[in-house]
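The primary structure of each chain is shown beneath.
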Amino acid sequence: CKTLERKSRGGKAESRSRGAAKEKTLECGQIVWGLAFSAWPAAEDGDTDPACAVGLPCLVLATGLNDGQIKVWEVQTGHLLFSLLGHQDVVRDLSFAPNGSPILVSASRDKTLRVWDLSRDVLLCSGDTFLLSPGRQVQVLSGHVQWVYCCSISPDCSMLCSAAGEKSALLWSMRSYTLIRRLEGHQSSVVSCDFSPDSALLVTASYDACVIMWDPYTGEQLRTLRHVPLHSTLDSSSEIHTSSLRSVCFSPEGLYLATVADDRLLRIWALELRSPVAFAPMTNGLCCMYFPHGGFIATGTRDGHVQFWTAPRVLSSLKHLCRKALRTFLTTYQVLALPIPRKLKEFLTYRTF
């Protein structure tokens, strides 16, 4: 990351060395496996926490480490805010609540997920001294029998999905922290999951080369996207790669999916189609993520690179915007109970695309 030093809170941003950007390095002391950004609430008058200026929110970064620690940093200053202790093995993935609340979920190789409330203080004992440290562990979610390495919180913050290299993904309630259901349908390990922007859809990606689109409220499978290898795009002298999936994510408007597979391809899928609308050749892909405002996709690779790709842009139809607005606060069951025509119910519940 490259950041600019700020002279003052309201002043003009500039660097210390004649306009050159200053590289910022956060020394975590361990291998970093997971990352998550979130806005930190603004400080209030009398607050002793120097991380944020009074009245202004700041950006924080949570890092999941090889020794099971989670370190939370203030990005602008590089200041370590606090460490979260509890996991017994690698913290593989992290997810902040999308609604801006200070809730963090961590997924670990110790086969658990842990929910943290970063606004609550916990009393720590250091020798003869007692210290108040932010970050109280709210809940430990157990149910996986393999390493947990993916977690995703729904945009309405009502559900949590987790994948652990098993043939099923687990869906949890973020209100009661209990298991809602197992999503069974893949033939191999589930490795990635993501919710649509309106929380009405959930997608899971698996080593079986399939993406399954679910209704998270009913557990119904709505669509399966199968990755067929395109051998013509590969070097004829190389070994044929399988289409085992590594990552899947929704676009910000909810009309596209991006997937990364072991056949050296980044694919873009339109929600209403069963075949990709765009391809990009890439090597050693592991993960993908849309830019929050659309138009670009970032992909991470095994050889240490992040690549950026232009993605299809679309002007959402009024129909889709209305559906997205309604589904943000209506569950599938609530839609089905509405006194409206059946075809409209099917559209609102994504039974027709």
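This structure is a prediction, so every number in the text was calculated from the model and none was measured. What you see as residue numbers is a count from 1 along each chain, following the sequence as written. A pLDDT threshold of at least 70 governs which residues receive local features in this predicted model, and a stricter bar of 80 or more applies before side-chain atom pairs are shown or counted, although totals over entire chains, interfaces and linings include all residues. Only hydrogens and water are set aside; all other atoms, that is, all heavy atoms of the structure, feed into the side-chain values.

Caption draft 1: Expanded view of helix α1 (residues 318-327). Burial status follows relative accessibility: with a 1.4 Å probe on protein chains alone, a residue under 20% of its type maximum counts as buried, one over 50% as exposed, and anything between as partly exposed. The helix count covers DSSP runs of H or I at least four residues long, the strand count covers runs of E at least two residues long, and both are numbered beginning at the N terminus. All buried positions along α1 are accounted for by H320, R323 and R327. Buried residues of α1 fall within an arc of 60 degrees about the axis and therefore sit on the same side. Buried residues along α1 sit in contact with α2 (332-336) and α3 (342-348). Relevant arc is that of directions from the helix axis to the C-beta atoms, nothing else. By definition, residues are in contact when any of their heavy atoms lie within 4.5 Å.

Caption draft 2: Spotlight on the packing of aromatic side chains. Working definition: a ring pair exists when centres of Phe, Tyr or Trp rings (six-membered ring for Trp) sit within 6.5 Å. Plane angles under 30 degrees give stacked, over 60 give edge-to-face, the rest tilted. The full count for this structure, using the stated rule, is 1 aromatic pair. Any Lys NZ or Arg CZ that is within 6 Å of a ring centre and within 35 degrees of that ring's normal is treated as a charge sitting over the ring. One Lys or Arg, R109, reaches over the ring of W147 and ends 4.2 Å from the middle of that ring. For the cation-ring pair, K319 lies above F347, with the distance from its terminal atom to the ring centre recorded as 4.9 Å.

Caption draft 3: Local environment of the pattern of salt bridges. The term salt bridge refers to a side-chain nitrogen of Lys or Arg lying within 4 Å of a carboxyl oxygen of Asp or Glu. One pass over the full model with this rule turns up 7 salt bridges. Across the pair D263 and R267 runs a salt bridge, and its minimum N-O distance is 2.7 Å. For the pair formed by D263 and R267, the shared burial category is buried. Overlapping salt bridges, with partners in common, bring together D215, E220 and R351 in one network.

Caption draft 4: Layout of the UniProt feature "repeat: WD" (unreviewed entry) in the protein chain. The feature "repeat: WD" (unreviewed entry), as given by UniProt, occupies residues 61-83, 84-119, 141-182, 183-224 and 238-272 in the numbering adopted here. For residues 61-83, helix accounts for 0% and strand for 65%, while the C-alpha atoms at its two ends are 12 Å apart. In residues 84-119, helix accounts for 0% and strand for 58%; the two terminal C-alpha atoms are 13 Å from one another. UniProt positions are given in the numbering used here, feature names are shortened, and annotations may be inferred rather than shown by experiment.

Caption draft 5: Spatial organisation of the nonpolar core. Put simply, a nonpolar core is a bunch of buried Ala, Val, Leu, Ile, Met, Phe, Trp, Tyr and Cys residues held in one set by side-chain atoms that sit within 4.5 Å of each other. Of all hydrophobic cores here, the largest spans 17 residues; its most connected members are V105, L113, L141, L160 and M174. Of all the secondary structure elements, the ones that give two or more residues to this core are β8 (103-108), β9 (112-126), β11 (150-153) and β13 (168-173). A total of 3 residues in this core trace back to one element, the largest contributor, which is β8. Domain assignment of the residues forming this core places at least three in each of domain 1 (28-41 + 55-142) and domain 2 (145-229 + 241-352). The residues contacting M174, other than those within four sequence positions of it, are I103, V105, I153, C157, S158, M159 and L160. Domain start and stop points were drawn from an automatic or database domain assignment.

Caption draft 6: The arrangement of the sheet that holds strand β5 (residues 70-74) in detail. One requirement defines pairing of two strands: DSSP has to find at least two bridges between them. The antiparallel open sheet is built from 4 strands, whose spatial order is β3-β4-β5-β6. The sheet is open, and its two borders are formed by β3 (32-40) and β6 (79-84), each paired with just one other strand. Between one strand axis and the next, the sheet turns through 20 degrees on average, direction left out of account. Bridging between strand β4 (residues 58-65) and β5 involves 5 bridges; their strand directions are antiparallel. Lines fitted to the C-alpha atoms define the axes, with helices restricted to the stretch that makes contact. Angles between their N-to-C directions range from 0 to 180 degrees.

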